[in-house]
Amino acid sequence: MKTCKRILALAAVLLLLLLVFFTLYCAITGSPYFMASLVSMLVLPVLLYAYLFIYRLSKERETEKEKQKKEKDGL
């Protein structure tokens, strides 16, 4: 599982670097895709962060519910 997370993290970093270089290329050449690449470069990391934050919160709630259930079953 640890190697899978590392591979996915590396893929995410490469994707973000690709977006940065593509945005730079579009800015230099005056491509009409510049604004689209700029928006995707700014919005994609924010969406990924929000998704991971919500996932982390939901996982914490599940563990809290499991702990409470174990305490009730133990009494």
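Look up a bit, the structure's there.
It should be emphasised that the depicted structure is a prediction, and the values quoted were computed from it without experimental measurement.

*Asks:* Would you take a moment to explain the overall build of the protein chain for this structure?
*Replies:* From N to C terminus, the protein chain includes two helices and zero strands. Relative to its 75 residues, the protein chain shows a buried fraction of 7%. When the accessible surface of the protein chain is totalled, it reaches about 7,000 Å², and 71% of it is carbon and sulfur. The protein chain carries 11 positive and 6 negative side-chain charges, and their two centres are separated by 7 Å.

*Asks:* Could you clarify how one ought to interpret helix 1 (residues 2–29) in this entry?
*Replies:* Within an α-helix, residues lying three or four positions from one another point in the same direction, as the helix has 3.6 residues per turn. In this model, helix 1 (28 residues) spans 41 Å end to end at C-alpha, consistent with the 40 Å of a helix rising 1.5 Å per residue. Taken as a whole, helix 1 has its buried residues at Leu19, Thr23 and Cys26. Gly30 occupies a position one or two residues after helix 1 and carries a positive phi of about 75 degrees.

*Asks:* Looking at this structure, how should I read the packing of aromatic side chains?
*Replies:* A ring pair, where both rings are aromatic, is described by two values, the distance of the centres and the angle of the planes. In the structure shown here, the tally under the stated rule is one aromatic pair. Relative to Phe53, the ring of Tyr49 lies with its centre 6.2 Å away and its plane at 15 degrees, an arrangement referred to as stacked. Of this pair, Tyr49 and Phe53 both sit in helix 2 (residues 34–74), four residues apart, which is roughly one turn of that helix.

*Asks:* Would you explain the side chain of Ser37 in this entry?
*Replies:* For Ser37, the position within the fold is in helix 2. Judged by relative accessible area, Ser37 falls into the buried class, the value being 3%. Polar side-chain contacts of Ser37 include one of 2.9 Å to the backbone oxygen of Phe34. Non-local contacts of Ser37, meaning those with residues more than four positions away in its chain, are made with Phe22, Thr23 and Cys26.

*Asks:* Looking at this structure, how should I read the environment of Ala12?
*Replies:* Within the fold, Ala12 resides in helix 1. Placed 42 residues apart in sequence, Ala12 and Ile54 show a C-alpha to C-alpha distance of 18 Å.

*Asks:* Would you mind showing me how to read the environment of Leu15 here?
*Replies:* Within the fold, Leu15 resides in helix 1. With 45 residues separating them in the primary sequence, Leu15 and Glu60 have C-alpha atoms 29 Å apart.

Thresholds applied
Residues numbered from 1 in each chain as written. Predicted model: local features only at pLDDT ≥ 70, side-chain atom pairs only at ≥ 80, totals over all residues. Heavy atoms only, no water. Helix = DSSP H or I, 4+ residues; strand = E, 2+ residues; numbered from the N terminus. Buried < 20%, exposed > 50% of the residue type's maximum accessible area, 1.4 Å probe, protein only. Areas by Shrake-Rupley, 256 points an atom, 1.4 Å probe, with all protein chains shown as cover. Lys, Arg positive; Asp, Glu negative; His and termini not counted. Charge placed at Lys NZ, Arg CZ, Asp CG, Glu CD. Expected span 1.5 Å × (residues − 1). Phe/Tyr/Trp six-rings, centres within 6.5 Å; stacked < 30°, edge-to-face > 60°. Polar contact = N/O pair within 3.5 Å; in protein donor to acceptor, adjacent residues only side chain to side chain. Contact = heavy atoms within 4.5 Å.

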